[in-house]
Every structure is written in structure tokens, then in C-alpha cells.
Amino acid sequence: LLGRLCVVPPNKENSPPPRPPSAARRPAPDRSSWYAPPFKVFDNLYWVGTKIHSSWALKTSDGIILIDTLYNYASEPEIVDGLTKLGLDPATVKYVIVSHGHGDHDEGANLMQQRFHAHIIMGGPDWDAIEKAYPMPGGTPKRDMVATDGEKLTLGDTAVTIVLTPGHTLGTLSLLFQVKDQGKPLNVVYSGGTAFNNQFDAERFQMYIASQRKLARLAADSGVTVLLSNHSEFDDAYTKARLLASRGADEPNPFEVGQESVARYFTTTDECAQAALFEYK
């Protein structure tokens, strides 16, 4: 996290203008560069991501809440086939929460909406952004549920609290929920948008900082000991998932990092953004 965020940003006078999106279809990268097998991470949480990007399946007593949907080329082999390999039925996905409107997290949303009739939840500004942009690979999902700050999405025996954390995009969503590890309840924070974008200016950095402080406070108040994100470079999901295969009976889950580590994560995002903001003032 430190190496990714705490770098000197380009001087604002010399920053290149944001590149407009291209309607050209990207060739899918070689499968060996991204494919990863699915893993059961907690009693009720499954990782169905790639080596780089994450998608998470939260199993409830009344179906599945899916968090993020990967690039279009990865959504079928990782999410649909991954859930099946884990003994879960992708048709039981009732809700899909898209943390923000970037292709590495939202391009599989249309697949889940059209094939499995799942409800898609996204921040309002990001719904606006994808509707105005070029057609998404895999199709643009139809506007469905617009997230509101602090709302609780309840499915069966599980509730997910949605937190609006604009900054990475204007509609970035983060989450709070509970999992169980060998029957032990653990509180989770899901950081929905972490990296700095090229189009950031002082106002956006200030927005980002406020969101990180807000999420840090909520995580601390909830006693969160598990931090997840949608990029393995920030939470080591790909590595930790594979470590679970050799976990001893009395060893802690590698995803349970503790409250102090969670707090340090948000201190890092906050202070790195402050350093970047100094360059833009």
C-alpha cells in the first residue's frame, strides 16, 4: 500500500490531460497471467478473483451477495465457474455490489444481471458514468439499485452496511459486514477504492482523505479485524487465499490482521493522500 500510494505525483502543471475512453475492444491477456482457482476464505465468504483483482461471494441463508465482478474476460471463468467449483450455485446470487465504475470491477455486472437476474447496486455518480461512457465489454448493465450512505443490505441472516466513500471515483462504495471463521464471528471492512487517479485535483484529494477518515472511524467503532479490498496488491488476497491450504488447526486465519493493522492501513491512505494534496495546492 505504501509503495503504491506514497509516490511523488506528477506536477499539476505538467500532468497530461485524462485520456478519453476508447471504444476499441481490448484483447484479453493470456489466461496464465491472471487466472487463479477459487478459495473458501471464511465459513461464509469465498474469494473468486484473479491474481490481481478480487471478487468476493458472501453466502447467506437466502442466497449470495457478490462484491465486484472483475473484467469481462475473467467474470465467467472466475465467478461463474469458480462458484460452481466451490459447490455454490451462481443462480443464487441475489445482489451484486459494485464498489466503483471501473472496468476491472464492473464489467461482469451485466452477465450477473442478464443471466442470473441479480440486482446490481452501485453509487449514483458511477451509474451516471457508465451510462454515458462507451458500451462496456460484456454489455452495460441496466440501472438498478442506487446505494445510499449507511444503508443496510440484508439477505437472510446477513447484513452488509454500505458506506459512500467518494474519491477514487465519485461513487465509490465501501462495506462493513461480518464473517465467521470456524464459527468465530469477525468484523470486516471492505475498502472500495484505493489508488489515486490521474485526474485527481486538490478537491478530489480532499474528498478522498475525508472518505478514508470516515471509513477508519467506522472500522474502529465496529472492532474490525479483517481488511479486504478489490486489488490483491492492497490486501494480499491471492497470497493469503493460497496460504489457507496449509493452515494448521490452531493457527489464525491469515486474513485476520487485527485492529491495529486495519488502523495503520487507513493512516497510510490518509497520509499518502495528504502528501499528494500538498503537491496540488
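The rules we used
Residues numbered from 1 in each chain as written. Predicted model: local features only at pLDDT ≥ 70, side-chain atom pairs only at ≥ 80, totals over all residues. Heavy atoms only, no water. Helix = DSSP H or I, 4+ residues; strand = E, 2+ residues; numbered from the N terminus. Rg over C-alpha atoms; globule rule 2.2 N^0.38 Å. Buried < 20%, exposed > 50% of the residue type's maximum accessible area, 1.4 Å probe, protein only. Contact = heavy atoms within 4.5 Å. Areas by Shrake-Rupley, 256 points an atom, 1.4 Å probe, with all protein chains shown as cover. Lys, Arg positive; Asp, Glu negative; His and termini not counted. Charge placed at Lys NZ, Arg CZ, Asp CG, Glu CD. Core = buried A, V, L, I, M, F, W, Y, C linked by side-chain atoms within 4.5 Å. Pairing = 2+ DSSP bridges. Salt bridge = Lys/Arg side-chain N within 4 Å of Asp/Glu carboxyl O. Axes fitted to C-alpha atoms, helices over the stretch in contact; angles between N-to-C directions. Parallel < 35°, antiparallel > 145°, perpendicular 65-115°, else oblique. Left-handed = near helix turned anticlockwise from the far one by under 90°. Nonpolar A, V, L, I, M, F, W, Y, C, P; charged D, E, K, R; others polar. Polar contact = N/O pair within 3.5 Å; in protein donor to acceptor, adjacent residues only side chain to side chain.

Q: Which parts of the structure should I look at to understand the overall build of the protein chain?
A: When helices and strands are counted, the protein chain shows nine helices and 12 strands. Computed over C-alpha atoms, the radius of gyration of the protein chain comes to 18 Å, within 12% of the 19 Å expected from 2.2 N^0.38 for 281 residues, which places it in the range of a compact globule. Considered along the principal axes of its C-alpha atoms, the protein chain spans approximately 55 × 45 × 35 Å. Among the 281 residues that make up the protein chain, the fraction classed as buried is 51%. Across the protein chain, every contact between residues at least 6 apart in sequence was considered, and the portion connecting residues at least 24 apart equals 68%. Per element, the accessible surface of the protein chain, about 12,700 Å² overall, is 52% carbon and sulfur. Across the protein chain, the 27 positively charged side chains and the 33 negatively charged ones have centroids separated by 2 Å.

Q: Before we go on, may I ask you to explain the nonpolar core in this structure?
A: As a rule of thumb, soluble globular proteins bury nonpolar side chains together. By size, the foremost hydrophobic cluster in this structure holds 32 residues, and its most contacted members are Trp47, Trp56, Phe177, Leu228 and Phe255. Among the elements that make up this core, the one with the highest residue count is strand E10 (residues 173-181) (four residues). What Phe177 contacts, discounting residues up to four positions off in sequence, is Leu45, Leu58, Ile67, Ala159, Val160, Leu186, Asn187, Val188, Tyr190 and Leu228. Listed in part, the 26 residues of the second largest apolar core include Tyr35, Ile64, Val98 and Met136.

Q: Explain unusual backbone geometry to me, please; I cannot follow it from the model alone.
A: Outside of glycine, negative phi angles account for most residues, and trans bonds account for most peptide bonds. For Leu70, which is not a glycine, the phi torsion comes out positive at approximately 70°. Among the structural elements, Leu70 can be located in the loop between strand E4 (63-67) and helix H2 (72-85). Positive phi values are uncommon outside glycine, yet Asp236 reaches one of about 60°. The residue Asp236 is located in the loop between helix H7 (232-235) and helix H8 (237-243) in this model.

Q: I keep staring at the sheet that holds strand E2 (residues 45-47) and nothing clicks. Help me out?
A: In a beta sheet, neighbouring strands pair by backbone hydrogen bonds and run either parallel or antiparallel. Ordered by their spatial adjacency, seven strands build an open sheet running E1-E2-E3-E4-E5-E6-E7, and the pairing between neighbours is mixed. Each having just a single partner strand, strand E1 (39-42) and strand E7 (145-146) make up the two edges of the open sheet. When E2 meets strand E3 (residues 56-60), the two strands line up antiparallel, connected through three bridges. Opposite Tyr46, over in E3, you have Ala57 as the bridge partner.

Q: Explanation requested: the pattern of salt bridges in the structure shown.
A: A side chain of one charge can pair with a side chain of the opposite charge if their charged atoms are brought near each other. If you walk through the whole model with that rule in mind, you get 10 salt bridges. Here Lys94 ties to Asp62 by a salt bridge, and the two come within 3.8 Å at their closest N and O atoms. A residue pair is termed long-range when its members are at least 10 positions apart, and Lys94 in strand E5 (residues 93-97) and Asp62 in the loop between E3 and E4 qualify at 32 residues. According to the relative accessible area criterion, Lys94 is partly exposed, its value standing at 33%. Across the pair Arg213 and Asp270 runs a salt bridge whose closest N-O atoms are separated by 2.8 Å. Of this pair, Arg213 sits in helix H6 (residues 202-221) while Asp270 sits in helix H9 (residues 259-280); the two residues are 57 residues apart in sequence, bridging distant segments of the chain. Among the charged side chains, a network of salt bridges with common partners joins Asp128, Glu131 and Arg143.

Q: Can you help me understand the packing of H2 against helix H4 (residues 109-116) in this one?
A: Each packed pair of helices is defined by two parameters, the angle between the axes and the distance between the axes. Axis separation between H2 and H4 bottoms out at 10 Å; the angle between their running directions is 55°. Viewed along their axes, H2 and H4 adopt a mutual orientation that is oblique. Of the two possible hands of crossing, H2 and H4 adopt the one that is right-handed. Of the residues in H4, those in contact with Ser75, Glu76, Ile79 and Val80 of H2 are Leu111, Met112, Arg115 and Phe116. Taken together, the residues of the contact of H2 with H4 sort by class into five nonpolar, one polar and two charged.

Q: Would you take a moment to explain the sheet that holds strand E9 (residues 158-164) for this structure?
A: On the basis of which strands lie adjacent, the open sheet formed by five strands has the order E8-E9-E10-E11-E12 and mixed pairing. Of all strands in the sheet, those bounded by a partner on one side alone are strand E8 (152-155) and strand E12 (226-229). This sheet shows a mean twist of 25° between the axes of neighbouring strands, independent of strand direction. Each of strand E11 (184-191) and E12 touches H9; the most contacted strand, E12, lies at about 40° to it.

Q: Before we go on, may I ask you to explain the side chain of Asn197 in this structure?
A: By the secondary structure assignment, Asn197 is in the loop between E11 and H6. On the accessibility criterion, Asn197 (12% relative accessible area) is buried. At 2.4 Å, the side chain of Asn197 and the backbone oxygen of His168 are in polar contact. Apart from the residues lying within four places of it in its own chain, the contact partners of Asn197 are His102, His168 and Arg204.

In short, geometric facts, not functional conclusions.
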